[in-house]
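Inside the fold
Residues per chain are reported as follows:
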Amino acid sequence: MEEANEFIDRVKNGDVLPMITSCSPGWVRYCEAYFPEFLPNLSSCKSPQQMAGAIIKTYWAKKNNIDPKNIVSVSVMPCTAKKFEIGREDQSAAGVPDVDISITTRELVKMINKAGLRFNDLPDEKFDSPLSEGSGAAVIFGATGGVMEAALRTAVWKLTGEAPDSPVEFNEVRGVEGIKFAEYNVGGTAVKVAVVSGLANAKKLLTQVKNGEVDVQFIEVMACPGGCVNGGGQVIQPAEVRNFVDIRAERAKALYSLDTARAVRKSHESPDIKEVYANFLGEPGSHTAHEVLHTSYKPSSLSK
Amino acid sequence: MVNIKINGIEYSVEEGTTILEACRQNGIRIPTLCWLKDINAIGACRICVVEMSGARSLTAACVYPLSKFDEGKNILTHSPAVLESRKMTLQLLLSNHNMDCLACARSGNCELQALCKELGVDDSSYFEGAKNEFDIDTSSKHMYRDDNKCINCRRCVAACEKYQGIGVIGANERGFKTEISCAFGMDLANTACVSCGQCITACPTGALSEKDDTDKVWEALADPEKVVVVQTAPAVRASLGRLSVIR
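Residues numbered from 1 in each chain as written. Chains lettered and ligands numbered in written order. Predicted model: local features only at pLDDT ≥ 70, side-chain atom pairs only at ≥ 80, totals over all residues. Heavy atoms only, no water.

**Examining the interface of chain A and chain B**
Definition in use: Only heavy atoms matter for contacts: two residues are in contact if any of them lie within 4.5 Å across the pair. Buried area is understood as the total, over both parts, of accessible area removed when two parts are fitted together, assessed with a 1.4 Å probe. Any carboxyl oxygen of Asp or Glu within 4 Å of a side-chain nitrogen of Lys or Arg constitutes a salt bridge here. A 3.5 Å cut-off defines polar contacts: any pair of N or O atoms within that distance qualifies, except that in protein one atom must be a possible hydrogen donor and the other a possible acceptor, and neighbouring residues in sequence count only when both atoms are side-chain atoms.
Taken together, the 79 residues of chain A in the interface contact 63 residues of chain B. Taken over both partners, the interface formed by chain A and chain B buries close to 6100 Å², and the fraction arising from carbon and sulfur atoms is 60%. When the buried surface of chain A facing chain B is broken down by residue, A:Ile236, A:Arg242 and A:Asn243 rank first, second and third, together holding 11% of it. B:Arg29 is the partner of A:Glu240 in a salt bridge, and the nearest nitrogen-oxygen pair spans 2.8 Å. Linking chain A to chain B there are 39 residue pairs in polar contact (both at pLDDT 80 or more).

Structure below.
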């Protein structure tokens, strides 16, 4: 929502383009250290981890009359860079850190086993509110191209008159390829996008953008090859498996099939998201939204 | 095409195919340790060695491309000499390894441990003598490096360099003293490491691991004053589903 809105604003206002996604903290750290000249291009949106953390400690805390200081916000992530991200500056919407503890998928497995949970025998259950049921757009965030596709679902809907039957699937940005390009005709305007995963590929693409060899308006970068499904915090598959099975593609398949099965597949149609905007944030890009959901970056002293 | 024999049976494979791939294509499994497809084919660990007719010594299957000069050769993948060599390689690796398996994050999911079992390593102290003692690097927020468990396979180095184009880790010193670490032995936290963790998932042993923050979560859950809220990322469910991971 915020990201799609920021993109539309940047295009309309003639602000810095291409806009580059900011959901992957490994990538953000890389940009700060290796390509500081692209920091104005980075979306000011916090990552999903930090946005959810911020909503929990502001909106949800207030709604349930809980002092944010008494909330311990835990995230389970496929990512090790999230452990770094929770300590970043400008990530404390309620005056306390948005997220307190970030554990990896592997650590969750340890906890499940230690607690003696018969996980596979547990009945399926919904998450508690707020943000209990993610949209299909949210689920595909875990695969390379998924953040781009989620943003396009909302941006294209908004730019083409908010028709309920606006396009859902943007197949050109899917797949495990390291660098992908696509062009969409959105209400008569050509929108050119690029999607990269693996920072070696990001380096290649950004160098081309810098040299004027590539002209795009929107770039998605995920630090890990194939995206979060192949993140540094995921369950480790031995070389015996990795050498012969493309775990990036197999895990992405699981996410896209969950997306297809969802009734709500666009972020702006999610009842939870609508509720948070109606009762708390107002409009995307509002003053409150900026205070809670956006952040800032600065060049790293540990540059290359 | 090249016509070869594997364990006496004739096969025809495309020129340039490595011995390892040729075997795999025909359902024959050769164990590996340092080989990681697309990023690390360096023939360093010698676990994948095979016996090849006409060769003076054992050949590393992961880096040997078959050519017309190999026409008609016979490759033995599990001969007594091969099995003995693989076992001795493992014992030599263990001779400079701290073998702290019971308290290791990767116990039960360690490639070195699995190979020792597969190849029947029955005496872990077979080669006694000097061992390196390295400091554990705990400087960064997300992970630690314990080189006392490192086997110098360089899979982490390749992940950092080839996937990410970063390359903040590499081999320092040479020979017995070789250690995978940052330039000039700097702490990881003082380099431009971006915390992605690709080195961890590439590591076959417990030399690299995330910092375990689960005790903090248990503590919060047990604290009656605290409200613990949890969120999960979408990708978590895509690797959690593996039945053998969760008991």
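**Overview of helix H3 (residues 48-63) of chain A**
Residues and elements named next belong to chain A. Stated precisely, the cut-off is as follows: Numbering goes from the N terminus for both helices and strands, where a helix is a DSSP run of H or I of at least four residues and a strand is a run of E of at least two. Each helix should span, by expectation, one fewer than its residue count multiplied by 1.5 Å. Using a 1.4 Å probe on the protein chains alone, a residue whose accessible area is under 20% of its type maximum counts as buried, one over 50% counts as exposed, and one in between counts as partly exposed.
With 16 residues, H3 should cover 22 Å at 1.5 Å per step; its first-to-last C-alpha distance of 21 Å lies within 8% of that length. When you tally the buried positions in H3, you get 13 out of 16 residues, the bulk of the element. Looking one or two places after H3, you find Asn 65, whose phi comes out positive at around 60°.

**With respect to a nonpolar patch on the surface**
For clarity, the cut-off: To count toward a patch, a residue needs a relative accessible area above 30% and no salt bridge. Like charges then connect within 9 Å, nonpolar side chains (Val, Leu, Ile, Met, Phe, Trp, Tyr) within 5 Å. The protein chains shown are the only cover counted for residues, whose accessible areas, like all others here, come from Shrake-Rupley with a 1.4 Å probe.
Taken together, the side chains of A:Leu117, A:Phe119 and A:Leu122 define a hydrophobic patch exposed on the protein surface, amounting to about 240 Å² of accessible area. Along the polypeptide, A:Leu117 turns up in the loop between helix H5 (105-114) and helix H6 (136-139).

**Some remarks on the nonpolar core**
Rules: Side-chain atoms within 4.5 Å are what join buried Ala, Val, Leu, Ile, Met, Phe, Trp, Tyr and Cys residues into a set we call a nonpolar core.
Residues A:Trp27, A:Tyr34, A:Leu199 and A:Ile219 are the most contacted members of the largest nonpolar core, which totals 46 residues. Elements with a contribution of two residues or more to this core: helix H2 (25-34), strand S5 (189-197), helix H8 (199-210) and strand S6 (218-222) of chain A together with helix H4 (155-163) and helix H5 (198-202) of chain B. Ranked by residue count, the leading element in this core is H2(A), at 6 residues. Once you skip the residues sitting within four places of it in the chain, A:Trp27 turns out to touch A:Ile20, A:Thr21, A:Leu42, A:Leu199, A:Leu206, A:Val221 and A:Ala223. The next biggest cluster of nonpolar side chains, apart from the first, holds 20 residues, and it includes B:Cys23, B:Trp35, B:Met52 and B:Cys62.

**Some details on the packing of helix H2 (residues 80-94) of chain B against helix H3 (residues 111-118) of chain B**
All names here are of chain B. Applicable threshold: Only the stretch in contact is used when fitting a helix axis, every axis being a line fitted to C-alpha atoms; angles between N-to-C directions are given from 0 to 180 degrees. Roughly parallel covers angles under 35 degrees, roughly antiparallel covers those over 145, roughly perpendicular covers 65 to 115, and oblique covers all other angles. With the far helix as reference, a near helix turned anticlockwise by less than a right angle produces a left-handed crossing, and one turned clockwise produces a right-handed crossing. Each residue gets one of three labels, nonpolar for Ala, Val, Leu, Ile, Met, Phe, Trp, Tyr, Cys and Pro, charged for Asp, Glu, Lys and Arg, and polar for the others, Gly among them.
As a packed pair, H2 and H3 sit with axes 10 Å apart at the nearest point and diverge in direction by 135°. Comparing their axes, H3 and H2 come out oblique. In the crossing of H2 with H3, the sense of the turn from one axis to the other is left-handed. Each of Leu 90, Leu 93 and Leu 94 in H2 lies in contact with H3, whose residues at this interface are Leu 112, Leu 115 and Cys 116. Taken together, the residues of the contact of H2 with H3 sort by class into 6 nonpolar, no polar and no charged.

**A word on the domain arrangement of chain B**
All names here are of chain B. Note the following rule: Just so you know, the domain bounds were taken from an automatic or database domain assignment.
Assigned domains within chain B: domain 1 (2-78) and domain 2 (94-240). A separation of 30 Å is found between the C-alpha centroids of domain 1 and domain 2. Taken together, both faces of the contact between domain 1 and domain 2 bury some 1000 Å²; the carbon and sulfur share is 68%. It is Leu 33, Leu 36 and Ile 39 in domain 1 that bury the most area against domain 2; as a group they hold 56% of the surface buried on that side. Summed over the shared surface of domain 1 and domain 2, the result is 1 salt bridge. Note that Arg 29 and Glu 118 form a salt bridge whose closest N and O atoms lie 2.9 Å from each other. Where domain 1 touches domain 2, the interface holds 4 residue pairs in polar contact (both at pLDDT 80 or more). Looking at side-chain class alone, the side of domain 1 that touches domain 2 contains 7 nonpolar, 2 polar and 1 charged residues.

**Some words on the side chain of B:Glu179**
Residues and elements named next belong to chain B. What counts is decided by this rule: Note that His is not counted, nor are the chain ends; the positive residues are Lys and Arg, and the negative ones are Asp and Glu.
Its place among the elements puts Glu 179 in strand S8 (residues 179-181). Of the side chains with opposite charge, Arg 145 comes closest to the buried, unpaired Glu 179, at an N-O distance of 6.9 Å. Sequence-distant contacts of Glu 179, defined by excluding residues within four places in its chain, comprise Phe 134, Asp 147, Gly 170, Ala 171 and Asn 172.

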